[in-house]
Amino acid sequence: FYPFITARMAHVFDGMDEPAGAGVRIYKLYNSGFILRTLKTTVAIDLVPGGSTTKLFLTDSVVSELASRCDALLVTNTDSRHANRNIAKAFVEAGKFVYAPQSSTGLWNNLDEELLQIVGTDTAMTLETKGMTLHILPGHNGRAQNNIYVMDFQGRGVVAHTGAQDNDNDWTWIDQVHSQYDIDILLTKSQNTNLESILRGLQPRLVITAHE
């Protein structure tokens, strides 16, 4: 499996060397990890190294290269399948913003507070960043915080990432998301038992699955 991951990452870097084009280029990485790229903005979401403790799928050099090419890292929740401190640290050290949920485990301790943006409120937030309007919707996986990100690339497309969203108390407001945001592409976990509810609420034009 390691040669496959290595070959795929080489393909990603080759693609990132090409012009971005008029819309949004999407690179699907390991687990729920994606990179979204437009002419103005490159965003990474839920990057984790994968592999074993002694041999990672995404090596330190690969992560460093990704951090240098991206403008920001978005983390949907603090589960190890979506969040990794070393990757967040690499982005911060590269001077890039990291948007992440709160953590009670010390996951984000001692990271630059100016670049690490902890976003964990009970209401939706909207932030303006380079070439992107970022809407952060306060979801949950069980009781844990799970940020749903809706990324409006200002005329180039609207992409949502639901992370590991799965909480029955959230469906009332999720049912109405489509009335607030016109979503072109949805990135969502493939084994979601509530996938029908997610699709009904967000009503995207295209779905790309993750977390296989």
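You'll find the structure just up there.
Residues numbered from 1 in each chain as written. Predicted model: local features only at pLDDT ≥ 70, side-chain atom pairs only at ≥ 80, totals over all residues. Heavy atoms only, no water.

A. Helix H3 (residues 85-93), seen in detail. Those residues of H3 that fall on the buried side of the exposure criterion are Ile87, Ala88, Ala90, Phe91 and Val92. Here the buried face of H3 lies against strand E3 (42-45), helix H2 (60-69), strand E4 (72-74) and strand E5 (97-100). Capping the start of H3, Asn84 holds a side-chain oxygen 3.1 Å from the backbone nitrogen of Asn86, two or three residues further along. Note on H3: the residue one or two positions beyond its end, Gly95, has a positive phi of about 80°. (Buried < 20%, exposed > 50% of the residue type's maximum accessible area, 1.4 Å probe, protein only. Helix = DSSP H or I, 4+ residues; strand = E, 2+ residues; numbered from the N terminus. Contact = heavy atoms within 4.5 Å. Polar contact = N/O pair within 3.5 Å; in protein donor to acceptor, adjacent residues only side chain to side chain.)

B. Highlighting the sheet that holds strand E8 (residues 132-141). An order of E7-E8-E9-E10-E11-E12 is seen for the six strands of this open sheet, with the pairing classed as mixed. The strands lining the two open edges of the sheet, one partner per strand, are strand E7 (125-129) and strand E12 (206-210). Along the sheet, successive strands turn relative to each other by an average axial angle of 20°, direction set aside. Where E8 and strand E9 (residues 144-152) come together, nine bridges link them in antiparallel fashion. Within E9, the residue paired with Leu134 across the bridge is Met151. Along the sheet face, helix H6 (residues 195-202) touches strand E10 (158-161), strand E11 (185-189) and E12 and points at about 160° away from the line of E11. (Pairing = 2+ DSSP bridges. Axes fitted to C-alpha atoms, helices over the stretch in contact; angles between N-to-C directions.)

C. Region of interest: the nonpolar core. Ranked by internal contacts, the top residues of the largest apolar core, which has 32 residues, are Met9, Leu66, Leu73, Phe91, Val98 and Trp108. Residues Phe34, Tyr99, Phe153 and Leu187 belong to the second largest nonpolar core, which totals 18 residues. (Core = buried A, V, L, I, M, F, W, Y, C linked by side-chain atoms within 4.5 Å.)

D. Just the pattern of salt bridges, in detail. Here the structure, examined in full by the defined rule, presents ten salt bridges. Of the charged contacts in the structure, one is a salt bridge between Glu65 and Arg69, with a shortest N-O distance of 2.7 Å. Taken together, the positions of Glu65 and Arg69, both in helix H2 and four residues apart, correspond to about one turn of that helix. For Arg69, a relative accessible area of 25% puts it in the partly exposed group. Here Arg205 ties to Asp184 by a salt bridge, and the two come within 2.9 Å at their closest N and O atoms. Of this pair, Arg205 sits in the loop between H6 and E12 while Asp184 sits in the loop between helix H5 (177-180) and E11, placing them 21 residues apart in sequence. (Salt bridge = Lys/Arg side-chain N within 4 Å of Asp/Glu carboxyl O.)

E. Seen up close, the sheet that holds strand E1 (residues 25-28). Ordered by their spatial adjacency, six strands build an open sheet running E1-E2-E3-E4-E5-E6, and the pairing between neighbours is mixed. The sheet is open, and its two edges are formed by E1 and strand E6 (116-118), each paired on a single side. Going from strand to strand, the sheet's axes swing by 20° on average, the running direction of each strand aside. The sheet contact formed by E4 and E5 spans three bridges and is parallel. Of the residues in E5, the one forming a bridge with Leu74 is Tyr99. Across the face of the sheet, helix H1 (residues 2-16) comes into contact with E1, strand E2 (34-37) and E3 while running at roughly 165° to E1. Helix-sheet contacts for H3 involve E3, E4 and E5, and the interaxial angle to E4 is about 155°.

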